[in-house]
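The chain contents come next:
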Amino acid sequence: MKNTKSNDFGVLTAELASKIDKIIESYDNNSTKLVGILLDIQDIVPKQYIPREVSSYVSVKMNIPLSRIYDVISFYAALSDVPRADYVIQLCDSVVCKVTGNTILRDAVTELLGIKAGEATKDGKYWLEYTPCFGACDISPAMRINGKVYGHLNTFESVKAVLDQYK
Amino acid sequence: MSKTVSFITENFDKYDPSSIESYLSIGGFTAVKKALSMSSAEIIEIAKKSSVKGRGGAAYDTGRKWAQAAAVPGNDKVVICNADEGEPCTFKDRNILSKDPFRLLEGMIIAGYTVGAKNGYIYLREEYRHLRPLIKNAIQQSLEKNFLGENILGSGFTFHIHLYSGAGAYVCGEGSTLIESIEGRSGRPRIKPPFIKERGLFQLPTLVNNVETLAIATAVIQNGVEEYLKYGTPECPGTKIISLAGNVKCPGAYEIPFGLTLREIIYDIGGGTPDGHELKLFQLGGASGKIGSPALIDTPYTYEDLRKVNLGIGSGGILVVDDRTRVIDFIKSIQDFFIHESCGKCTPCREGNRQIAKIVDRFVQGTPKPDDLETAVRFANIMKNCAFCGLGETAQSALLSAIDHFPEEFGKTNVGGNTEVAAK
């Protein structure tokens, strides 16, 4: 279970609220589409997470109990209720990437950014997490940055070249 | 490479998947047109004749599944395309979705027509979010051309397709869990009965098929079932898209006829293990699949032959591991995966995985207690028999088969007998 300590009031500006309204509208205000709605909202909140006040806002707006929204957020790995960063880096930790040698990738990211899994850099730019297989086994070892997949990361230089694109 | 074929994948790289015009120019939607001129019973007959088994991993006979779905009473049914391809070492559906999305839509329309459904839902895993725009576009263009929507091509059949997103939960590949997720909740499996074919999504009769299964349906209707039956072996005809990865020189998704041996797949198609390393083991069908030892390398890749040696096709994943990885480290990685992915609903899976993980950790460190192996096998069998859903039932396949094939790695010198027997 992920923690729910973050309150961070002040994130929900009028501008963000109107963007959230548009997302909910684009899903026809349909409560069965909650998972997709929360994923889209998470994309537009700075630091890629769903703050408590945003959950409350969605709860009122869609007339869904807050408890159900947290049931969804805390269950799914792709949803976060703690602030992450501008760039969310996901290292594939599955067995395929393990046998093809993802330790170089892991060590390179840790060395270059100075963070471990579940941590953000001090400037709030990078967040690192391990994730199960995202279906890029044919280019393993692989990582995702903000959803974009990079593969064949078996040297320090190749990892650095990718991270250099996210300054 | 010449051992691969192209039947399901025949359209790959032949057209622009973002353009329905391009798809039509290579004969797209022929299958839908043909299907709409047939009766539901005729299509079911073809599906049965093809002997295609579900390609998500459960290998349930597709013709039978469609016949059952068609027989369920109700004038509002649902077809779900399971595109939650979550098994590690499985990425064949990704290729279909990205290279031939229209063929998938055709398969859904045909399935919907056959069973009498009004709506189709694609449940796309979050990890494939980048494919959303392409699929959305394919749905939109098909609507505009009336291959979807009201009264399709004047046939009187109305069908709509909706795209839903997963959010990173392996368990949502299980049918009833997937349905919970589409209904906007956390993903935990439902109790059966009622079976989802009778009461599934929104309490409606529901047919769930894998991406590849639906793509085959299109290919079979379009080209004729006889064409499909030309491939493979008499006992196990047809083709399969495999996802070959791990320690092979040429990893990738390949369409093969059933009946190639694992050796042909791993060495001729995959190029063998890199840098002169020895093959240590292979795992078939993703993390929930069993592992095999090099002694089984000449087994033909068919449902029947693999079953004889206690292996299975599962999702079609083939993970090759060479001598750089210890068996126990491999098992630990699988165990970590299931600890992460168990939804926690039922005790055998939630607690079983946790307790077995502790034992696996001790084996990794070389400090197992005297009865650890016996305990792990007992717990694993309890999970297999008592877990609430397929995740818990299959989570220990790798461990149990590893103990069978590599007893020495678990400090067991006496090979005699398999773990299932030992547990009873």
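Residues numbered from 1 in each chain as written. Chains lettered and ligands numbered in written order. Predicted model: local features only at pLDDT ≥ 70, side-chain atom pairs only at ≥ 80, totals over all residues.

Chemist: Is there a simple way to think about the interface of chain B and chain A in this case?
Modeler: One frequent convention defines the size of an interface as the accessible area lost when the parts assemble. Each partner contributes to the interface: chain B provides 40 residues, whereas chain A provides 29 residues. At the level of secondary structure, the elements contributing two or more residues to the side of chain B that touches chain A comprise β3 (160–165), α8 (175–182), β5 (239–246), β6 (252–257), β9 (317–322) and α13 (327–341) of chain B. Ranked by the residues each element gives to the side of chain B that touches chain A, the list is headed by α13(B), at six residues. For the side of chain B that touches chain A, a count of residues per class yields 18 nonpolar, 14 polar and eight charged. (Contact = placed C-beta atoms within 7 Å. Helix = DSSP H or I, 4+ residues; strand = E, 2+ residues; numbered from the N terminus. Nonpolar A, V, L, I, M, F, W, Y, C, P; charged D, E, K, R; others polar.)

Chemist: Sorry if this is basic, but what is going on with the domain arrangement of chain B here?
Modeler: All names here are of chain B. Parsing chain B into structural domains produces domain 1 (20–229), domain 2 (239–322) and domain 3 (327–423). Averaged C-alpha coordinates put domain 1 and domain 2 at centres separated by 27 Å. Taken together, the contacts link 13 residues of domain 1 with 17 residues of domain 2. Class assignment of the residues belonging to the side of domain 1 that touches domain 2 gives a composition of four nonpolar, four polar and five charged. (Domains from an automatic or database assignment.)

Chemist: What exactly am I supposed to notice about helix α9 (residues 211–223) of chain B here?
Modeler: At 3.6 residues per turn, the α-helix brings residues three or four places apart onto the same side. Residues and elements named next belong to chain B. In a regular helix each residue adds 1.5 Å, so 13 residues correspond to 18 Å; α9 covers 18 Å between its end C-alpha atoms and thus fits that length. Among the 13 residues that make up α9, 12 are buried, leaving the element largely enclosed by the rest of the structure. Among the residues of α9, those classed as buried are Val211, Glu212, Thr213, Leu214, Ala215, Ile216, Ala217, Thr218, Ala219, Val220, Ile221 and Gln222. Remark: Gly224 follows α9 within two positions and exhibits a positive phi of approximately 95°. (Expected span 1.5 Å × (residues − 1). Buried ≥ 20, exposed ≤ 12 C-beta atoms within 10 Å, placed from the backbone.)

Chemist: What's the story with the nonpolar core in this structure? I'm lost.
Modeler: Burial of nonpolar side chains together is a common tendency in soluble globular proteins. Counting 177 residues, the largest nonpolar core has A:Leu38, B:Ile80, B:Ile110, B:Tyr123, B:Ile265 and B:Phe282 as its most contacted members. Residue contributions to this core peak at nine residues, all from helix α6 (residues 101–115) of chain B. Aside from chain neighbours lying at most four places away, what touches B:Tyr123 is B:Ile80, B:Cys81, B:Asn82, B:Ala83, B:Asp84, B:Tyr164, B:Gly166, B:Leu178, B:Ser181 and B:Ile182. (Core = buried A, V, L, I, M, F, W, Y, C linked by C-beta atoms within 7 Å.)

Chemist: Before we go on, may I ask you to explain the pairing of strand β1 (residues 77–83) of chain B in this structure?
Modeler: Along any regular strand, the residues point their side chains to alternate faces of the sheet. All names here are of chain B. Counting buried positions over the seven residues of β1 gives seven, a clear majority of the element. Direction of pairing for β1 relative to strand β4 (residues 206–210): parallel, over a ladder of five bridges. Pairing of Asn82 across the sheet is with Asn210, part of β4. (Pairing = 2+ DSSP bridges.)

Chemist: Explanation requested: the sheet that holds β1(B) in the structure shown.
Modeler: Note on sheets: strands pair through backbone hydrogen bonds, and any given pair is parallel or antiparallel. All names here are of chain B. Strand order in the open sheet formed by four strands is β3-β2-β1-β4, and the pairing between neighbours is parallel. Both edges of this open sheet fall to β3 and β4, since each of them pairs with a single strand only. Each strand of the sheet is rotated relative to its neighbour by a mean of 20°, with strand direction disregarded. Running at roughly 90° to β4, α9 makes contact with β1 and β4 of the sheet. (Axes fitted to C-alpha atoms, helices over the stretch in contact; angles between N-to-C directions.)

Chemist: Just to check I follow, could you spell out helix α15 (residues 372–386) of chain B for this structure?
Modeler: Residue and element names in this part refer to chain B. Under the 1.5 Å per step criterion, the end-to-end length of α15 is 21 Å for 15 residues, consistent within 8% with the ideal 21 Å. All of the buried residues in α15 are Ala376, Val377, Phe379, Ala380 and Met383. All buried residues of α15 fall inside an arc of 165° around its axis, so they share one side. (Arc of directions from axis to C-beta.)

Chemist: Please explain the packing of α13(B) against helix α14 (residues 347–365) of chain B as it appears in this structure.
Modeler: When two helices pack together, their arrangement is given by the angle between their axes and by how far apart the axes lie. Residue and element names in this part refer to chain B. At their nearest, the axes of α13 and α14 sit 10 Å apart, and the two run at 155° to each other. Taken together, α13 and α14 sit at an angle that is classed as roughly antiparallel. Crossing of α13 against α14: the hand is left-handed. Here α13 contributes Ile328, Asp329, Ile331, Lys332, Gln335, Phe338 and Ile339 to the contact with α14, which in turn contributes Asn353, Arg354, Ile356, Ala357, Val360, Phe363 and Val364. Looking at the contact of α13 with α14 residue by residue, the classes come out as nine nonpolar, two polar and three charged. (Parallel < 35°, antiparallel > 145°, perpendicular 65-115°, else oblique. Left-handed = near helix turned anticlockwise from the far one by under 90°.)

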